[in-house]
Amino acid sequence: MEPMDIVGKSKEDASLPKATMTKIIKEMLPPDVRVARDTQDLLIECCVEFINLISSESNEVCNREEKRTIAPEHVLKALEVLGFGEYIEEVYAAYEQHKIETMHDSLKGGKWSNGAEMTEEEAAAEQQRMFAEARARMNGGAVVPKQPESEPTLER
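So, here's what we can say about the structure. Predicted model, so just to flag it, every value in this text is computed and none were measured.

1. Some words on the packing of aromatic side chains
Where two aromatic rings form a pair, the distance of their centres and the angle of their planes describe that pair. Counting across every chain of the model gives three aromatic pairs. Centre to centre, the rings of Phe50 and Phe84 are 5.2 Å apart; their planes meet at 85 degrees, and the pair counts as edge-to-face. With Phe50 in helix α2 (residues 37-64) and Phe84 in the loop between α3 (72-81) and α4 (88-107), this residue pair connects regions lying 34 residues apart in the sequence. Relative accessible area serves as the criterion here: at 36%, Phe50 is assigned to the partly exposed category. Seen from their ring centres, Tyr92 and Tyr95 are 6.2 Å apart, and the 55 degrees between their planes marks the pair as tilted. On the criterion of helical spacing, the pair formed by Tyr92 and Tyr95 is a turn pair, its members being three residues apart in helix α4. Residue classification places Tyr92 among the partly exposed residues on the basis of a relative accessible area of 41%.

Encoded structure:
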């Protein structure tokens, strides 16, 4: 990601993708409302600070429980401790929905599956083709055209 695509002062600063955040901001507003660019940047910075605040408090909750991994329960407790208790129900509902969607994705083959299964030979051939394309781009910018798919042959 280009440095200009992220709102933040330096690479060390944690930030959020500007295009994604701008899209979210615009989706939340009526279509006739415009948001100044500096206002968008301010909203994004507020989101980053909120995430930092919740993450930090979640870590403290986790440490108090002598755990090494922050769990969803730690985040919910952090929201309560920081005075955001009215959001807990909505956050928990979003978390439950995320679990359902994640389970559904893994059952249908994951996010990389396109529904069509490849044989091991087809996968190896595709991998070699992709390696060849990458080598060609690195060695002079030429791209190897994709081989047309041939009809399966029966070997006897």
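2. Observations regarding the environment of Leu76
For Leu76, the position within the fold is in helix α3. Judged by relative accessible area, which is 16%, Leu76 ranks as buried. A C-alpha to C-alpha distance of 6.1 Å links Leu76 and Ile88, two positions twelve residues apart in sequence. With near-sequence residues (within four places) excluded, Leu76 lies in contact with Ile88, Val91 and Tyr92.

3. Here we look at the nonpolar core
Leu16, Met21, Ile25, Ile44 and Val48 form the largest nonpolar core, which has five residues in total. Among the elements of the structure, α1 (18-28) and α2 are those that each provide at least two residues to this core. Among all residues touching Met21, those that are not within four sequence positions of it are Leu16, Ile44 and Cys47.

4. Describing α3
Within α3, burial applies to His74, Leu76, Ala78 and Leu79. Residues of α3 that are buried in the fold lie against α2 and α4. In the segment just after α3, Gly83 is the residue with positive phi, at about 90 degrees.

5. Here we look at the pattern of salt bridges
One side chain can pair with another of opposite charge once the charged atoms of both are near each other. Tallied over the entire structure, the rule returns seven salt bridges. In this structure, Glu126 engages Arg129 in a salt bridge whose closest nitrogen and oxygen atoms are separated by 2.5 Å. Pair noted here: Glu126 and Arg129 are both in helix α5 (residues 120-138), with a separation of three residues, about one helical turn. The class of Glu126 is partly exposed, set by a relative accessible area of 23%. Looking at Arg129, the relative accessible area reads 16%, which means it is buried. Salt bridges linked by common partners bring Glu126, Arg129 and Glu133 together as one network.

About the criteria used
Residues numbered from 1 in each chain as written. Predicted model: local features only at pLDDT ≥ 70, side-chain atom pairs only at ≥ 80, totals over all residues. Heavy atoms only, no water. Phe/Tyr/Trp six-rings, centres within 6.5 Å; stacked < 30°, edge-to-face > 60°. Helix = DSSP H or I, 4+ residues; strand = E, 2+ residues; numbered from the N terminus. Buried < 20%, exposed > 50% of the residue type's maximum accessible area, 1.4 Å probe, protein only. Contact = heavy atoms within 4.5 Å. Core = buried A, V, L, I, M, F, W, Y, C linked by side-chain atoms within 4.5 Å. Salt bridge = Lys/Arg side-chain N within 4 Å of Asp/Glu carboxyl O.

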